Amino acid sequence: MTFKAPDSLAEQIAHHLAERIIRGEMKPGERIQEQKVTLALNVSRGSVREALLILERRHLVAILPRRGAHVTELTAHKVQSLCTLMSELYILLGNAVANGWEVQADMAPFVQIQQRLSASFERQDIRTFVDDSFNVMRAAYPFANNPYLQETVENLQPAMSRAYFLALEQRKAEMSEFIELFERLLAAVLARDLPQIRVVLTAYARRSCDLVVSALTVA
């Protein structure tokens, strides 16, 4: 039996604020006032400060001297830099699964996520679609067995989710294209075709980047 400690109060606050930032309820540059959050959530100011430090580490909040905490800005350069890095991290995880799976049952979590992605597309449920897109990575962690890779991806994932959500909010039809790319990825992983995994995931990151940058010009 694996022990999992419940999330700390600061983590819960960070998750709550992160969800609001990712969905665009809190806008780029918007100031996050500790006292307002403290009163709204009925928590201590110390827990809110700790939560803001967590969000800073996850690139959703910037904390500046004498100016406090603000929602980070989304720029084309930041998005392109993020997508370039995430592409390589995705490839590391994809290769780990391709090299590590032994029986078809090992791939069951990925097939289930694929089914949920299709269902989310049918419902036009962007939030669940984005969540499951990143659950793919979490399903790959045990194959990689690399805590440093896992920590890096987890810290970057909220920023990527925010960008992804913005793009799909404006162009929901693109979800079908991502489902097709995921199908190609699963086929490459099953075939242990590492060059094809790189091709598919590079295309995925490039397409994600293009959509987000396009969305930024409209937002």
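Residues numbered from 1 in each chain as written. Predicted model: local features only at pLDDT ≥ 70, side-chain atom pairs only at ≥ 80, totals over all residues. Heavy atoms only, no water.

## Details of the pairing of strand β2 (residues 61-64)
In the sheet, β2 pairs with strand β3 (residues 68-71) via four bridges, with the strands oriented antiparallel. When the sheet's bridge partners are listed, I63 is paired in β3 with A69. The antiparallel pairing of β2 with β3 creates a hairpin that spans three residues between the two strands, and R66 there sits at a positive phi of about 65°. (Pairing = 2+ DSSP bridges. Helix = DSSP H or I, 4+ residues; strand = E, 2+ residues; numbered from the N terminus.)

## What to know about the packing of aromatic side chains
Applying the stated rule across the entire model yields six aromatic pairs. Ring centres of Y164 and Y204 lie 6.4 Å apart, and the angle between their planes is 80°; on these two criteria the pair is classed as edge-to-face. Here Y164, found in helix α7 (residues 147-170), pairs with Y204, found in helix α9 (residues 194-218); they are 40 residues apart in sequence, far enough to count as distant. According to the relative accessible area criterion, Y204 is buried, its value standing at 13%. Taking the centre distance of 5.3 Å and the plane angle of 70° together, the rings of F178 and Y204 count as edge-to-face. Of this pair, F178 sits in helix α8 (residues 175-190) while Y204 sits in helix α9; the two residues are 26 residues apart in sequence, bridging distant segments of the chain. Grouping residues by exposure puts F178 and Y204 together as buried. Every member of this aromatic cluster is reached through a ring pair, and the members are Y90, F134, Y164, F178 and Y204. Between the NZ or CZ atom of R192 and the centre of the ring of W101, over which it lies, the distance is 4.2 Å. (Phe/Tyr/Trp six-rings, centres within 6.5 Å; stacked < 30°, edge-to-face > 60°. Buried < 20%, exposed > 50% of the residue type's maximum accessible area, 1.4 Å probe, protein only. Lys NZ or Arg CZ within 6 Å of the ring centre and 35° of its normal.)

## Quick look at the sheet that holds β3
Taken together, the three strands give an open sheet; going across it, the order is β1-β3-β2, and neighbouring strands pair in antiparallel fashion. Looking at the sheet topology across the chains shown, the edges are occupied by β1 (31-32) and β2. Packing of helix α3 (residues 45-57) onto the sheet brings it into contact with β1, β2 and β3, and relative to β2 it is tilted by some 115°. (Contact = heavy atoms within 4.5 Å. Axes fitted to C-alpha atoms, helices over the stretch in contact; angles between N-to-C directions.)

## Looking at the UniProt feature "domain: HTH gntR-type" (unreviewed entry) in the chain
Annotation from UniProt places "domain: HTH gntR-type" (unreviewed entry) at residues 7-74. The span residues 7-74 shows a helical share of 51% and a strand share of 15%, and its end C-alpha atoms are spaced 28 Å apart. (UniProt positions renumbered as here; feature names shortened; annotations may be inferred.)

## Quick notes on empty space enclosed by the protein
Applying the stated criterion across every chain yields a total of one cavity of 30 Å³ or more. One number sums up the size of the largest cavity: a volume of about 350 Å³. S133, V136, F182, L185 and L201 are, among the 23 residues lining the largest cavity, the residues nearest its centre. Contributing elements (two or more residues each) for the lining of the largest cavity: α4 (76-100), α5 (108-123), α6 (126-144), α8 and α9. Residue classes in the lining of the largest cavity are distributed as 21 nonpolar, two polar and no charged. (1 Å grid on protein atoms, 1.4 Å probe; cavity = no way out; pocket = protein on both sides within 12 Å on 5 of 7 lines; lining within 4 Å. Points joined across faces, edges and corners; volume = space filled by probe spheres on them. Nonpolar A, V, L, I, M, F, W, Y, C, P; charged D, E, K, R; others polar.)

## Describing the pattern of salt bridges
Inspection of every chain in the model, using the stated rule, returns 13 salt bridges. For D132, the salt bridge goes to R116, with nearest N and O atoms at 2.9 Å. Here D132, found in helix α6, pairs with R116, found in helix α5; they are 16 residues apart in sequence, far enough to count as distant. You can call R116 partly exposed: its relative accessible area is 36%. (Salt bridge = Lys/Arg side-chain N within 4 Å of Asp/Glu carboxyl O.)

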